[in-house]
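# Chains, contacts and geometry: an overview
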Amino acid sequence: MPNSPQIPSSEPPFQVQPAQRVTRLPPYLFGRINALLYNKRRAGDDMIDLGMGNPSDPPEDFVIDKLAEAARDPRNHGYSKSSGIINLRREVCSKYFKRFGVRLDPDEEVIVCLGSKEGFSHMCLAMMGPGDTAIVPAPYFPIHVYSVALASGNVIALEVGDGDKFLANVAYTCEHLYPRPKLVILNYPHNPSTVCVEQPFYDEVVRLAKQYGFLVISDFAYADVAFDGYRPPSFLASPGAIDVGVEFTTMSKGYNMAGWRVGFCCGNAEMVRALGIIKGYYDYGLFQAIQIAAIVALRHTDAAVEAQSRLYQARRDLLLDGLRKQGWQVEAPRAGMFCWAKYPEPFASTMTSLDFSMKLLEEANVAVSPGSGFGPAGEGFVRMALVENENRLRQAVRQMGRVVGEKSGKGSEKVGA
Ligand SMILES: Cc1ncc(COP(=O)(O)O)c(C=O)c1O
């Protein structure tokens, strides 16, 4: 077809105006970092990327073989069930029972998500609306805040650092805010701060939830990555938890299956049902071959998941030792895939975390996440993901040392205790 001639027009150009729920989202803070990382890579620099918690090790071979086998079966190529196939949901129940002593009904209390982030966001959409308020831990994993914002809800961010103080602040907020918060979002082991809790913390959460009538979403993304014998507790293992909330788990981190997008939402049947309704409209479920391979991974790769934690632990020790020698203040994380580090002077009092991260990228060829990407409570910190191997981490420490300068005598403390 010939091109139609351009007719000069006096009308204003056609404009696309996205909805407010899109326009009110803040600019993507990692944009500047990612653009510089991209440009330096294109220019041929060898960049060490500790920015994103994106596992770089593969799942077990037999899990990949199962995926290939299931992908060759023509019966697996149609739309799957949006709530996930029953055998996968049963496997999740079995893991919860073995690991936490929690009994779940695979029909009513478990749903498979396209990664836990999808499930989490849609759960916020299912539970929150205009005028509703959610409490989130600060510094915050961005989706915890923006899922609530996308659902037109309001956010109150409370410091995550000290568990007792956090709970006291939750109670205070419930006493003084009208209408009371509808939802409390929890995330332990916490990203980015690496704060962890023990079971009594969740017992108290359940007590408060019943007293003040709020719902709970526990984001348990790092359930499978823990060190030094620490076993992260499940919110659902606290008596009565299932009356007030749900918990999201994922195969992205411990199982090295981030790109597969396998997550689960378990717990309160009403909340699971509401999420199922939203998902029933929005998606047709996860590719069935992936669900079948995920069953195999859940059933047969406990040893590999533990070995992966040991790998992260060794990387943590190496990174901590190096950073402390350079004068960074960093606590040994007991779980998760990150070190959350206060960068040293004189940079701490003269540079924002974003500028300091840009400096590391520019001068050390190391990408980290600036703490301010996790809200104002993250300022002064950077987050480093333990996703590069030990040699690369050593190289990262050396290169960062050239920027911040070695300080002798520091950093000899034993890490991990
Ligand atoms: C706290 C937290 N929740 C959720 C996710 C997303 O996990 P998934 O890959 O299952 O969507 C991440 C990933 O970085 C995370 O750190």
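Residues numbered from 1 in each chain as written. Predicted model: local features only at pLDDT ≥ 70, side-chain atom pairs only at ≥ 80, totals over all residues. Heavy atoms only, no water.

The next subject is the side chain of Asn 365. Residue position: Asn 365 is located in the loop between helix H14 (353-364) and strand S11 (366-367). Residue classification places Asn 365 among the buried positions, given a relative accessible area of 17%. One polar contact links Asn 365 to Lys 40, side chain to side chain, over a distance of 3.1 Å. (Helix = DSSP H or I, 4+ residues; strand = E, 2+ residues; numbered from the N terminus. Buried < 20%, exposed > 50% of the residue type's maximum accessible area, 1.4 Å probe, protein only. Polar contact = N/O pair within 3.5 Å; in protein donor to acceptor, adjacent residues only side chain to side chain.)

Not every one of the 13 residues close to the ligand is listed here, only the nearest: Asn 191, Asp 219, Tyr 222, Thr 250 and Ser 252. Contact distances for the ligand include 2.9 Å between an oxygen atom and a backbone N or O atom of Lys 117. Take Asn 191: an N or O atom from its side chain is 2.7 Å from an oxygen atom of the ligand. Classifying every residue of the shell around the ligand by side-chain character gives three nonpolar, six polar and four charged. (Near = heavy atom within 4 Å. Nonpolar A, V, L, I, M, F, W, Y, C, P; charged D, E, K, R; others polar.)

Strand order across the open sheet formed by four strands is S9-S10-S13-S12, with antiparallel pairing between neighbours. At either end of the open sheet lies a strand with only one pairing partner, and these are strand S9 (329-330) and strand S12 (369-370). Summarising the sheet, S9 and strand S10 (residues 338-342) pair through two bridges and their orientation is antiparallel. Looking across to S10, one finds that Gln 329 is bridged to Lys 342. (Pairing = 2+ DSSP bridges.)

Mean pLDDT for the protein: 94, with 95% of residues reaching 70 or above. In the predicted structure, residues 408-417 sits below a pLDDT of 50 and forms 15 contacts with residues beyond four places in sequence or in another chain. (pLDDT = per-residue confidence, 0-100. Contact = heavy atoms within 4.5 Å.)

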